[in-house]
4 protein chains.
Amino acid sequence: MAGAHPEVLKTLCETNLLHTEGYGNDRFTAEAKRIILEACGLENGAVYFLQGGTQTNKIVIDRLLSRNDGILCCESAHINVHESGAIEAEGHKVLTLPAPDGKISAESIRKYITDFYRDDTYIHMVRPAMVYISQPTEFGTLYSLKELKEISEVCHENDIPLFIDGARLAYGLAADENDVTLQDIARLSDVFYIGGTKCGALFGEAVVSRRPELLPRFDSLMKLHGALLAKGRLVPLQFITLFSDNLYLRLGYHADRLAMKLKQGFKDKGYRMFIDSPTNQQFFILPNTKIDLLRTEVGMELWGPPGDTESVVRFVTDWTTTEEDINRLLSLI
Amino acid sequence: MAGAHPEVLKTLCETNLLHTEGYGNDRFTAEAKRIILEACGLENGAVYFLQGGTQTNKIVIDRLLSRNDGILCCESAHINVHESGAIEAEGHKVLTLPAPDGKISAESIRKYITDFYRDDTYIHMVRPAMVYISQPTEFGTLYSLKELKEISEVCHENDIPLFIDGARLAYGLAADENDVTLQDIARLSDVFYIGGTKCGALFGEAVVSRRPELLPRFDSLMKLHGALLAKGRLVPLQFITLFSDNLYLRLGYHADRLAMKLKQGFKDKGYRMFIDSPTNQQFFILPNTKIDLLRTEVGMELWGPPGDTESVVRFVTDWTTTEEDINRLLSLI
Amino acid sequence: MAGAHPEVLKTLCETNLLHTEGYGNDRFTAEAKRIILEACGLENGAVYFLQGGTQTNKIVIDRLLSRNDGILCCESAHINVHESGAIEAEGHKVLTLPAPDGKISAESIRKYITDFYRDDTYIHMVRPAMVYISQPTEFGTLYSLKELKEISEVCHENDIPLFIDGARLAYGLAADENDVTLQDIARLSDVFYIGGTKCGALFGEAVVSRRPELLPRFDSLMKLHGALLAKGRLVPLQFITLFSDNLYLRLGYHADRLAMKLKQGFKDKGYRMFIDSPTNQQFFILPNTKIDLLRTEVGMELWGPPGDTESVVRFVTDWTTTEEDINRLLSLI
Amino acid sequence: MAGAHPEVLKTLCETNLLHTEGYGNDRFTAEAKRIILEACGLENGAVYFLQGGTQTNKIVIDRLLSRNDGILCCESAHINVHESGAIEAEGHKVLTLPAPDGKISAESIRKYITDFYRDDTYIHMVRPAMVYISQPTEFGTLYSLKELKEISEVCHENDIPLFIDGARLAYGLAADENDVTLQDIARLSDVFYIGGTKCGALFGEAVVSRRPELLPRFDSLMKLHGALLAKGRLVPLQFITLFSDNLYLRLGYHADRLAMKLKQGFKDKGYRMFIDSPTNQQFFILPNTKIDLLRTEVGMELWGPPGDTESVVRFVTDWTTTEEDINRLLSLI
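Rules of the game
Residues numbered from 1 in each chain as written. Chains lettered and ligands numbered in written order. Predicted model: local features only at pLDDT ≥ 70, side-chain atom pairs only at ≥ 80, totals over all residues. Heavy atoms only, no water. Buried < 20%, exposed > 50% of the residue type's maximum accessible area, 1.4 Å probe, protein only. Helix = DSSP H or I, 4+ residues; strand = E, 2+ residues; numbered from the N terminus. Pairing = 2+ DSSP bridges. Contact = heavy atoms within 4.5 Å. Buried area = accessible area lost by both parts, 1.4 Å probe. Salt bridge = Lys/Arg side-chain N within 4 Å of Asp/Glu carboxyl O. Polar contact = N/O pair within 3.5 Å; in protein donor to acceptor, adjacent residues only side chain to side chain. Nonpolar A, V, L, I, M, F, W, Y, C, P; charged D, E, K, R; others polar. Axes fitted to C-alpha atoms, helices over the stretch in contact; angles between N-to-C directions. Parallel < 35°, antiparallel > 145°, perpendicular 65-115°, else oblique. Phe/Tyr/Trp six-rings, centres within 6.5 Å; stacked < 30°, edge-to-face > 60°. Lys NZ or Arg CZ within 6 Å of the ring centre and 35° of its normal. Least-squares fit on C-alpha atoms with pLDDT ≥ 70 in both. Arc of directions from axis to C-beta. pLDDT = per-residue confidence, 0-100. Left-handed = near helix turned anticlockwise from the far one by under 90°. Disulfide = S-S within 2.5 Å. Lys, Arg positive; Asp, Glu negative; His and termini not counted.

### Some remarks on the pairing of strand 7 (residues 205-209) of chain C
Residues and elements named next belong to chain C.
- Most of strand 7 is tucked away, with five of its five residues classed as buried.
- Here strand 7 shows a buried face lined by Glu-205, Val-207 and Ser-209 and a second buried face lined by Ala-206 and Val-208.
- Of the pairings in the sheet, the one linking strand 1 (residues 46-50) to strand 7 comprises five bridges and is antiparallel in character. Looking at the pairing, Ala-46 lines up with Ser-209 of strand 7.

Structure (structure tokens):
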């Protein structure tokens, strides 16, 4: 991992000595909110700035759910697997649906809810009170606009909010096969976040909601969670830069293009994809001997428990990845 | 549901006007603890009295786990399905293993733990820090002594406590095919509870542990959870009666015998068991038309979502069930 | 402590063998709700049955407050001192006002709220989002109707619910100087509870609200807290009896009359009251030597840390206290 | 508020393009830990890096306390007043001692604990299981070495950890009247933190403990709280700079010197101190008319609710404050 995109760091340096109000009452925060709402096509809406993905998921979900509410997502969801129990730590059960490619369908959500309310034993069970999806998913896959519309619809039918985790949103928006715009996400979700940490920022995420009434006293809740930065302008300043000159999308295009090159290279050499991802995360099934060899040379990670003779590995590209990095990796396999 | 076994109620009536210390500092509580420890074959040990199963599971697990700890159990575990998120409400993730018959194996626990610690990404995940099983299980099935020993062993190997939910323990101990004694359970678990509510008491459960150091300041924790009865003798008095003249086991034998008669009757008429249970819960697959008919006459419940033409139903026998009840049910099918 | 008033126990015995639906779906629960709402003068309203005072406070407050909300009460409030942190365990700060006699005033509430919102630093602090009072208070004192109306008013002005803990309500309603009826309490509070455990029941409390919308999915929340009794009729049956033939008030009158006799006796002998209580709890300042003497003969307790030469003691009367008990105590001092 | 000290920002820029392991497994994190332990005079010890003060207090306290434990501090403690209920949100009661100057004494702690355990009613109350103090305090005052030793002693006597909040530690260490070194704090506390956010860093705090066994699986707990930065090196890099060339202390001296000048200036003009602070926070009682005037010109804040004719205001100096700033302020009063 590297730090921030040079443009982002430049902004932090240029503004460093300015004195502004703390805790988000400064003009940069206001400016960043305005820019983001405009990019999202929202006239009214709420924007809040947080420091990382788990923190964001935890606080948003904590705000949207009542005590005896649960959140529905796929088994591989980040909140279910890789957040150290952050959601349960707030008292909420994570309710899961199987989803081999990291995507859940409107149909599976509808069935879960129908089954849940089928008789009055549901008072002993945890209500599915919210839906969580990631775009792109934890497997790099993407919801199509049609799929997203259907999920949004089933949520509204049942009057439960849809929350979209956009930790890697830049790579989704920039993908060749993507047909979902930032405005679509803003319109079809109730709350979502635009990932900064994994998309060029030093750190930081931007929570956006077209329904500000869903996030009452959110500043105070952020404080309670230890997530209200004293120097509140730090994250907004980064988003101002990321949303200038199309930088956010350009970062995404760059990483996705190199990821596609990587994918084609592996396929050309006969390796099997674990999943066919159109974004910056690529998953391949490699012989363990090959993995041992590559590991000493390349940043990659095992995905899930290793198999006896072959295992799944994940490669991730970003704004620091170069054409040469990919060429070198492909020359090694 | 009826109230308490007449013997139990008689004890409550006979002692009603006596004045004793509140909050568990009375002689009946002391006496009940002594009787239970003796029945469990424990020289030293802790006994606490609570009011219901979910409350007991919630408080014991809350005591045994640290904040970022999870509890391993089968998918059908009561704590995973039917406690309205009581465990997650205390901040703990319920980690599940598939188990078609409601039983998990030592092998599956071992594999889960090994996979968990396979690399250092586990700091992002919830540690399996405790194991929960039910005896009998939620499907009425029983762990054999061999199975229980193996599970106990894998827990001790990994230094994580084993907690056994004995909400229906009477029916397990009394079952024909059972080879696990109360002493075995006391010895092989770290903490377990003897169910009263479903086994003859008006209400109440007895938590037992051979390792009192695992339950520090448990009275205070019960108070925090709103579970420290002012009239602390109420539950102990009931257990004194249940453990006199073998009443607890006799209740179990009675219900199990009638459950076996019910099972044989259904089998004789050609119905398929959903699961082959040796205890007082019986699960059969019946045509929906038959279910609609029976429902108006008999206490029973659908188990899981109904199927298109047939569904699973559950019958439960207890100390109030009579030979005539079974005969009548069998005459209806 | 004794068990239940004989009339209450009789009801439990007479209904013991009846089979009814579990978890509160039975006809006795429905009947008890009807009787209580009628006694409270409420046409529409919610009634729920719980097992003890701390449990009731914990669950009601958990339902009424959002995550970053606190509850305002007096320093001596039961929830602040004697519930082992049950409210904080649900994540809520208990915000306190000084109140030497256990009573807070509308004025002190208003000032707290005004000070709180005086500038925008309040986002760093815990919002007073609910008010808790006890009637009678932890010192046995009573709010007058005028005081109660003013508190109710300041709560409504600020759109925060008023919750009244009626653990010892019988002794308040029956007190000579009391001018607050059950209907007043039902009308002026948003939620309150009628204490059973300390007023003749084996155990149990009845939560009442004129605003059912404040307690959504309360059954499920009770389950989550381990407070949904399988045999849901147990507490309602007791309240049916307590509310028949005026039993609840008669119990209160009995205890209050003896408490007044006790108070007069102490005063006659020149002892100083710690507080002038019109209900069944009496607090006196006694020389430590006298306390040591009495303690071997009489049920009483030290109130707060002992002083060097004299200390505060508390005496409590109830339905089991007799004229002879009081005479004997008075003869000893 | 400004950003980071230029030296700190320079380090972030110089290392920006380097690739390192995420989540704290990088060499800069290791290096910063080494430097800090050495400065603290600890051979063995744990160091963790967090992002802000409330977050740090919340997570450390969450780790050190069991469910039914409370934390003892003074009424004005940051955790009691200005963290939006962050500690209670983790389930812990904040137990307070009065302390007009923001400091509690060993004697008051000892008395609280003795009173608490005086009889067996303590099981209904929240155990004081940890002590929290701030150095400097929220009023800018300082514990002397003697006072700190006594507090440390009473904690060890009672086997409860002492946690010191060093959000503004630089200003304490650098104060003229201070006789407590960083090594003293490391030795006399069980856990403490060195504040970065308020002392020259962009953001970030360093938790230090001479007893690593008190903080088991702390990385995972940080993750659960949404506080494990992906780019884990960001905070350590800043501390490496702050602890180079004595920068941390130099920042402190600078701010303290200007604060003393400010104090003398106010005193010379006859204004009363609200409290006599030897560090970078200064509190004065000013006429409201004067406050209204100053407010348009100078960064300052009201401290507590305004009075009728005069109020308390707080001034804070830091590394960005200049001699001219102070001169200008003094010329205005």
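### Some points on the interface of chain B and chain A
- Each side of the interface is counted separately: chain B has 22 residues, and chain A has 22 residues.
- A combined buried area of about 1900 Å² lies between chain B and chain A, and 51% of that area is made up of carbon and sulfur atoms.
- Close ionic contact of Glu-88 of chain B with Lys-93 of chain A constitutes a salt bridge, the shortest N to O distance being 2.4 Å.
- Taken together, the links from chain B to chain A amount to ten residue pairs in polar contact (both at pLDDT 80 or more).
- Residue classes in the side of chain B that touches chain A are distributed as eight nonpolar, eight polar and six charged.

### Details of the packing of helix 1 (residues 6-14) of chain B against helix 1 (residues 6-14) of chain C
- Close contact between helix 1 of chain B and helix 1 of chain C brings their axes to 11 Å; oriented N to C, the two are set at 170°. When the interaxial angle is binned, helix 1 of chain B and helix 1 of chain C end up roughly antiparallel. The segment helix 1 of chain B lies against helix 1 of chain C, with Leu-9, Leu-12 and Cys-13 of chain B engaging Leu-9, Leu-12 and Cys-13 of chain C.

### Section: the packing of aromatic side chains
- Per the stated rule, a full pass over the model turns up 70 aromatic pairs over all chains.
- Summarising the aromatic geometry, the rings of Phe-139 of chain A and Phe-283 of chain A are spaced 5.8 Å apart at their centres and angled 80° between planes, so their arrangement reads as edge-to-face. Residue Phe-139 of chain A is found in the loop between strand 4 (127-134) and helix 7 (145-157), and its partner Phe-283 of chain A is found in strand 9 (residues 281-287); the two are separated by 144 residues along the sequence.
- On the basis of relative accessibility, which here comes to 7%, the residue Phe-139 of chain A falls in the buried class.
- Relative to Trp-303 of chain B, the ring of Phe-139 of chain B has its centre 6.3 Å away and its plane inclined at 70°; by these criteria the two rings are edge-to-face. With Phe-139 of chain B in the loop between strand 4 (127-134) and helix 7 (145-157) and Trp-303 of chain B in the loop between strand 10 (301-302) and strand 11 (310-316), this residue pair connects regions lying 164 residues apart in the sequence.
- Members of the aromatic cluster, joined through ring pairs, are Phe-49, Phe-239, Phe-243 and Tyr-248 of chain A.
- One cation-aromatic arrangement involves Lys-33 of chain B over Tyr-48 of chain B; the distance from NZ or CZ to the ring centre is 5.3 Å.

### Considering the pattern of salt bridges
Residues and elements named next belong to chain A.
- The final tally for this structure, using the stated rule, is 100 salt bridges over all chains.
- In this structure, Glu-150 engages Lys-146 in a salt bridge whose closest nitrogen and oxygen atoms are separated by 3.0 Å. Here Glu-150 and its partner Lys-146 are both found in helix 7, four residues apart, which amounts to about one turn of the helix.
- Residue classification places Glu-150 among the partly exposed positions, given a relative accessible area of 33%.
- With its nearest N and O atoms 2.9 Å apart, the salt bridge here joins Lys-261 to Glu-323. In this pair, Lys-261 sits in helix 12 (residues 247-268) while Glu-323 sits in helix 14 (residues 323-332), placing the two residues 62 residues apart along the sequence.

### Thoughts on the sheet that holds strand 5 (residues 162-166) of chain C
Residue and element names in this part refer to chain C.
- Pairing is mixed across the open sheet formed by seven strands, whose spatial order is 1-7-6-5-4-2-3. Strands with a single pairing partner mark the edges of an open sheet, and in this sheet they are strand 1 and strand 3 (94-97). Ignoring which end each strand starts from, the neighbouring axes of this sheet average 25° apart.
- As judged from the five bridges shared by strand 6 (residues 191-195) and strand 7, these two strands associate in the antiparallel manner. Considered in strand 7, the bridge of Val-191 is made with Ser-209.
- Against the sheet, helix 3 (residues 53-64) makes contact with strand 1, strand 2 (69-74), strand 4 (127-134), strand 5, strand 6 and strand 7, and its axis sits at roughly 170° relative to strand 6, the strand it touches most.
- Against the sheet, helix 7 (residues 145-157) engages strand 4 and strand 5, with an angle of about 140° to strand 5.

### Considering the relation of the copies chain A and chain D
- Aligned on chain D, chain A shows an RMSD of 0.0 Å; the corresponding rotation is 180° and the shift along the axis is 0.0 Å. Given the turn and translation reported, the copies of this chain are related as if by a two-fold rotation axis. Closest to the rotation axis within chain A is the C-alpha of His-225 of chain A, separated from it by 3.8 Å.
- Of the interface residues in chain A, 100% have counterparts in chain D that sit at the interface too, so the contact is made through matching surfaces.

### What to know about the side chain of Lys-263 of chain B
- Relative to the elements of secondary structure, Lys-263 of chain B occurs in helix 12 (residues 247-268).
- Contact partners of Lys-263 of chain B, with chain neighbours within four places excluded, come to Met-273, Asp-276, Ser-277, Pro-278, Gln-282 and Phe-284 of chain B.

### Things to note about the interface of chain A and chain D
- Counting from both sides, the interface comprises 43 residues of chain A and, opposite them, 43 residues of chain D.
- Around 3600 Å² of area is buried between chain A and chain D when both sides are counted, 58% of it from carbon and sulfur atoms.
- By the criterion of area lost to chain D, the three top residues of chain A are Met-1, Leu-224 and Lys-231 of chain A, representing 21% of everything that side buries.
- On the surface where chain A and chain D come into contact, there are 24 residue pairs in polar contact (both at pLDDT 80 or more).
- Looking at the side of chain A that touches chain D, the elements with two or more residues in it are helix 1 (6-14), helix 3 (53-64), helix 5 (86-89) and helix 10 (218-224) of chain A.
- A class-by-class count of the residues in the side of chain A that touches chain D yields 20 nonpolar, 17 polar and six charged.

### Observations regarding helix 1 of chain B
- Looking only at helix 1 of chain B, the buried set comprises Val-8, Leu-9, Thr-11 and Leu-12 of chain B. Along the axis of helix 1 of chain B, the buried positions cluster into a sector of 155°, meaning they face one direction only.
- Check the buried side of helix 1 of chain B and you find it contacts helix 11 (234-242) of chain B together with helix 1 of chain C.

### Description of the sheet that holds strand 7 (residues 205-209) of chain A
Residues and elements named next belong to chain A.
- The seven strands lie next to each other as 1-7-6-5-4-2-3, forming an open sheet whose pairing is mixed. Unpaired on one side and paired on the other, strand 1 (46-50) and strand 3 (94-97) mark the two borders of the sheet. The sheet shows a mean angle of 25° between the axes of neighbouring strands, taken without regard to direction.
- Where strand 5 (residues 162-166) and strand 6 (residues 191-195) come together, four bridges link them in parallel fashion. Its bridge partner lying in strand 6, Asp-165 is registered against Tyr-193.

### Topic: the relation of the copies chain B and chain A
- Under the fitted operation, chain B is carried onto chain A by 0.0 Å of movement along the axis and a turn of 180°, and the coordinates agree to an RMSD of 0.0 Å.
- Same-surface contact between copies: 100% of interface residues of chain B are shared with the interface of chain A.

### Things to note about the confidence of the model for chain A
- When pLDDT is averaged across chain A, the result is 96; 100% of the residues are at 70 or more.
- Taken over the whole predicted complex, pTM reads 0.97, whereas the ipTM for its chain interfaces reads 0.96.

### Some details on the packing of helix 12 of chain B against helix 14 (residues 323-332) of chain B
Residue and element names in this part refer to chain B.
- Where helix 12 contacts helix 14, the axes come no closer than 10 Å and their chain directions differ by 15°. In terms of axis orientation, helix 12 runs roughly parallel to helix 14. Helix 14 is crossed by helix 12, and the crossing has right-handed handedness. For the pair formed by helix 12 and helix 14, the contact residues are Arg-257, Leu-258, Lys-261, Leu-262, Gly-265 and Phe-266 on the first element and Glu-323, Ile-326, Asn-327, Leu-329 and Leu-330 on the second.
- Partitioned by chemical class, the residues of the contact of helix 12 with helix 14 number six nonpolar, two polar and three charged.

### Description of the state of the cysteines
- What the rule picks out here adds up to zero disulfides over all chains.
- Cysteine Cys-155 of chain B shares no disulfide, and the gap to the nearest cysteine sulfur, in Cys-73 of chain B, comes to 12 Å.
- Note on Cys-73 of chain D: no disulfide assigned, nearest cysteine sulfur contributed by Cys-74 of chain D at a separation of 6.0 Å.
- Classification of Cys-73 of chain D as buried rests on a relative accessible area of 0%.

### Description of unusual backbone geometry
Residues and elements named next belong to chain A.
- Residue Pro-136 follows Gln-135 across a cis peptide bond; omega there is -5°.
- In this structure, Tyr-23 takes a positive phi of about 55° despite not being glycine.
- Note that Tyr-23 resides in the loop between helix 1 and helix 2 (27-39).
- Taking relative accessible area as the criterion, Tyr-23 reaches 22% and is therefore assigned partly exposed.
- The backbone of Arg-217 sits at a positive phi, close to 45°, despite the residue not being glycine.

### Focus: the side chain of Arg-233 of chain A
- Its place among the elements puts Arg-233 of chain A in the loop between helix 10 and helix 11 (234-242).
- Of the side chains with opposite charge, Asp-26 of chain A comes closest to the buried, unpaired Arg-233 of chain A, at an N-O distance of 6.2 Å.
- Among the polar contacts listed, one links the side chain of Arg-233 of chain A to the backbone oxygen of Leu-18 of chain A, at a separation of 2.7 Å.
- Once residues within four sequence positions are removed from consideration, Arg-233 of chain A is found in contact with Thr-15, Asn-16, Leu-18, His-19, Thr-20, Asp-26, Phe-28 and Thr-29 of chain A together with Met-1, Ala-2 and Gly-3 of chain D.

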